[in-house]
Amino acid sequence: MRLPLLLLTAVAVLPAAEDLEFFETKIRPVLAARCYGCHSAKLQQAEGGLYLDSLEATRKGGRSGVPAVVPGKPQDSLLIKVIQGTHKDLKMPPGKPLPKEQVADFVAWVEMGAPDPRTGGAVAAAKPAYDWEKEKQHWAYQPLRAVPAPAVADPAWNRNPIDRFLKAKLDEKQIRPLPRANKLTLLRRATYDLTGLPPTPEQTAAFLKDTSPQAFEKLIDRLLASPAYGEHWGRHWLDVVRYADTAGDASDYPVPEMFRFRNYVIRSLQQDKPFNEFLREQLAGDILPHQNEEDRRDKLIATGYLANARRFGQTEGEFYLTIDDTIDNLSKATLGLTVGCARCHDHKFDPIPTADYYALFGIFKSSKYAWAGLEHHQYLDGFAALDKKDEERLRKQQERMVKAYRIVKKGDGKDPKAPTDQRLAFLEAQADLLQIRSSWPDLPMVYAVSEATPVNSKIMVKGDPGTLGPESPRGFLTVLGGQKVPAGHKGSGRDLLAGWITDPANPLTARVLVNRVWTWHFGRGIVNTPNDFGTRGEKPTHPELLDHLAADFLANGWSLKKLHKQILLTRAWQGASGHSEANAVKDSKNETYWRYDRRRLTAEEVRDSMLLASGNLDPVPGGPHPFAPRASYVQTQHKPFVADPAAFDHNKRSVYLFQQRFKPHAYLDLFDGADSNAATAVRVSNNTATQALYLMNNEFVQKQADALAVRVGMAEPTTAGRVRLAYQLLFHRAPTPAEQQMAAQFLAQTTGQVEARAAWTSYLRVLLSSNEFFFVD
């Protein structure tokens, strides 16, 4: 049988099986690993317009019009010339050249006719990674909408827009909310909500005595003005920015200066600093204008947010991971987006191409981070002087240290047989390092970020810093405007980034922030995935309310305290915590806020409440931790830093406790404290047997119970009076007759076995372990 001419031609050009195997084993893996990063149709734009991931595109070539591969003619193939290094202008791939064996494989492949089974032209394959118009329809990228709050019939829910939005949804689902909580419950709830502490007996009596219509509003104003407010809400933000006092690398080096950033956060929230200004300072405080020396210090300390990014090693080789941690945290904290997922490939679910990730990466790569560091020269690298008068002195010390370190590191003069001049230079450098390190205590420093040489970053193919793709100009996320750092901009671009994030036209930042505040007040968010507003996160249960809160937040000058007051004055927040079977059937998750969800105190609230009740709470704000002098220790991955709890614990508020990345504080970890290695959006609340064992056996609880026994014993002469005072201190109410009787019986029985003080300590330890103490209704 004779075959048609067309079929004969097709058969004639089909590559042999062994030739295709050669391509698959020798050529395709190298193309994928070293070329696709710049020349793949998966990119928005390939370098030089050249695509190397299909047969047609490879034969066609790029914008120059020169074919990348001419089958059978390696001498005429542009690809061969650039990988051999014989082209007069181009040498590829970037970075490390291909090994000679791989170059020879490519030459052999072209000589055999460049067999290539890949199909699909570059024009068809090079479509954008996202349909931008479609992607921008996602609710989170839409501009804030001003939707009037609907009118509702119930006058108790018709006093403010927040309640009207919520009640409309309740009515729509035919859910009847629980009644308003009683006055004592609201006092305890508000005091914990705003300060993280319980009300004192004196505060309780004063509030219950005030029968004016403005009593609750006055209570809120007093709590917002309390120093305890900044400490409590500062801890919320420290959760999000994964605050720690250690670097997080294998040595987990201490960072003695980090306390300054912690206190900056507390101070800023206490002052109700506009939150957009608060964010800008953390991103670019070192390059923002300042009004005076105090303002300069504050803004410099604020960049401790960036400096606090986790370290993953002691060399620059791992620093890209620190920048990755920066981008991951910043995007979740302020934008509610998981931008870190675009490091190795375009984001699978949200419109964040890899190029956008590296646009941000370049901004932080153009910044100099302070380094806790193992190497001697890194101890001062990136640090800033706290006082302006010390800037020149620190700069000279840094220059001396780097110079001396390089001589010591080179080690030419270490050998006793080395030439005299090398030997002297080595010994002088060692002495210089010792002298500089000994002078550190005299120089107050800031663990901060400063400007470095501006540079755009190249895309790391599959996240590998050893395989670089095309350059990505510094800029912002495409879906939020795609602004770029101008070519002539003198600096990293952090100041511009701070402006893009806090721009009122950016619909995400205000939404994310008000949702965080709402979550901390109600226990669940309007968007119940506070770190993820993307397509994998939950949709808002009340989108119009979210936009109303965000717009109002902007109109009120980004004031957290005004937002707190708006929320706490609502009928929804003041609702009782309880159960309704009918409501639970319709809304088991309480997404309509038909009740206030009862919650367990956080680890910090439990500890602080025990200290306050016992009279042991030290109200003075915390300062630096008692680290050993910096020159006295060297940590390694085999000998990482581990804090001695006895040396670092104190009786101040728990926000001032030492926070270590590698070894979390045992108590905070047990009671579900924040993870200092990741952005903690919501504290989990686990109930475990080990918590009960801690309350029964731990020395701290024993000491507070004993001190409380002494306190009530000295204040009241009778058993009934002492029990009454204990209940007022712990539960903010009087004991019932049955509770008085139970206490008297227990104390009478126990006192016969142990001394009276021990009996009281045992009794009060039971009260400190009770649900009523641990939970807020």
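These notes cover the structure that comes with them. (Residues numbered from 1 in each chain as written. Predicted model: local features only at pLDDT ≥ 70, side-chain atom pairs only at ≥ 80, totals over all residues. Heavy atoms only, no water.)

Positionally, Glu755 belongs in the loop between helix H32 (737-751) and helix H33 (756-768). When the C-alpha positions of Glu755 and Ile327 are compared, they lie 59 Å apart, and in sequence the two are 428 residues distant. (Helix = DSSP H or I, 4+ residues; strand = E, 2+ residues; numbered from the N terminus.)

Omega for the peptide link from Met92 to Pro93 comes to -5°, which places this bond in the cis form. Here Pro93 shows up in the loop between helix H4 (78-84) and helix H5 (100-111). Phi is positive for Gln174, which is not a glycine, with a value near 60°. Looking at the secondary structure, you find Gln174 in the loop between helix H8 (161-172) and helix H9 (183-195). Non-glycine residue Tyr593 carries a positive phi angle of around 60°. Judged by relative accessible area, which is 2%, Tyr593 ranks as buried. (Buried < 20%, exposed > 50% of the residue type's maximum accessible area, 1.4 Å probe, protein only.)

Contact geometry for helix H14 (residues 275-284) and helix H21 (residues 494-502): axes closest at 9 Å, N-to-C directions at 155°. When the interaxial angle is binned, H14 and H21 end up roughly antiparallel. The interaxial crossing formed by H14 with H21 has right-handed handedness. Between H14 and H21, the residues in contact are Asn276, Leu279, Arg280, Leu283 and Ala284 and Arg494, Asp495, Ala498, Ile501 and Thr502, respectively. (Axes fitted to C-alpha atoms, helices over the stretch in contact; angles between N-to-C directions. Parallel < 35°, antiparallel > 145°, perpendicular 65-115°, else oblique. Left-handed = near helix turned anticlockwise from the far one by under 90°. Contact = heavy atoms within 4.5 Å.)

To continue, consider the pattern of salt bridges. By the definition in use, this model includes 40 salt bridges. The partner of Glu217 in a salt bridge is Lys565, and the shortest N-O contact between them spans 3.1 Å. Separated by 348 residues along the polypeptide, Glu217 in helix H11 (residues 215-225) and Lys565 in helix H24 (residues 560-568) bring together distant segments of the chain. Residues Lys652 and Asp618 are paired through a salt bridge, measuring 2.9 Å at the closest nitrogen-oxygen approach. Here Lys652 is found in the loop between helix H27 (645-648) and helix H28 (666-670), whereas its partner Asp618 is found in the loop between helix H26 (603-614) and H27, with 34 residues between them in sequence. Overall, the relative accessible area of 27% leaves Asp618 in the partly exposed class. Residues joined in a network through salt bridges with shared partners are Glu293, Arg296, Arg297, Asp387, Lys388 and Glu391. (Salt bridge = Lys/Arg side-chain N within 4 Å of Asp/Glu carboxyl O.)

Before going further, it helps to examine the nonpolar core. Note on soluble globular proteins: their nonpolar side chains tend to be buried together. Of all hydrophobic cores here, the largest spans 128 residues; its most connected members are Trp237, Phe275 and Trp518. Here this core takes nine residues from helix H22 (residues 507-522), the largest share from any one element. With residues near it in sequence (within four places) discarded, Trp518 still touches Ile162, Leu166, Gly523, Arg524, Gly525, Ile526, Leu545, Leu549, Ile567 and Tyr593. If you look at the next biggest cluster of nonpolar residues, it comprises 41 residues, including Leu601, Val606, Leu708 and Leu764. (Core = buried A, V, L, I, M, F, W, Y, C linked by side-chain atoms within 4.5 Å.)

Following the criterion strictly, the structure yields 39 aromatic pairs and no others. Relative to Tyr593, the ring of Trp518 lies with its centre 5.6 Å away and its plane at 85°, an arrangement referred to as edge-to-face. Within this pair, whereas Trp518 is found in helix H22, its partner Tyr593 is found in the loop between helix H25 (581-586) and strand S7 (599-600), the two being separated by 75 residues in sequence. Ring centres of Trp573 and Tyr596 lie 6.1 Å apart, and the angle between their planes is 80°; this geometry places the pair in the edge-to-face category. One end of the pair, Trp573, is in the loop between H24 and H25; the other, Tyr596, is in the loop between H25 and S7, and 23 residues separate them in sequence. (Phe/Tyr/Trp six-rings, centres within 6.5 Å; stacked < 30°, edge-to-face > 60°.)

In this model, helix H23 (residues 543-555) (13 residues) spans 18 Å end to end at C-alpha, consistent with the 18 Å of a helix rising 1.5 Å per residue. Buried residues of H23: Leu545, Leu546, Asp547, Leu549, Ala550 and Phe553, and no others. Turning to H23, the residues buried within the fold contact H8, H14, H22 and H24. Positioned one or two residues after H23, Gly557 has a phi angle of 70°, which is positive. (Expected span 1.5 Å × (residues − 1).)

With their axes 8 Å apart at the nearest point, H26 and helix H30 (residues 699-715) run at an angle of 30° to one another. Judged by the angle between their axes, H26 and H30 are roughly parallel. Relative to H30, the crossing made by H26 is left-handed. In this structure, H26 contributes Arg607, Met610, Leu611, Leu612, Ala613 and Ser614 to the contact, and H30 contributes Phe700, Val701, Gln704, Ala707, Leu708 and Arg711. Residue composition of the contact of H26 with H30, grouped by class: eight nonpolar, two polar and two charged. (Nonpolar A, V, L, I, M, F, W, Y, C, P; charged D, E, K, R; others polar.)

Tracing the chain through its elements places His39 in the loop between helix H2 (17-35) and helix H3 (55-60). Owing to a relative accessible area of 11%, His39 belongs among the buried residues under this scheme.

Counted under the stated rule, the structure contains zero disulfides. You can see Cys341 has no disulfide; the closest cysteine sulfur is in Cys344, sitting 9.5 Å from it. Judged by relative accessible area, which is 34%, Cys344 ranks as partly exposed. (Disulfide = S-S within 2.5 Å.)

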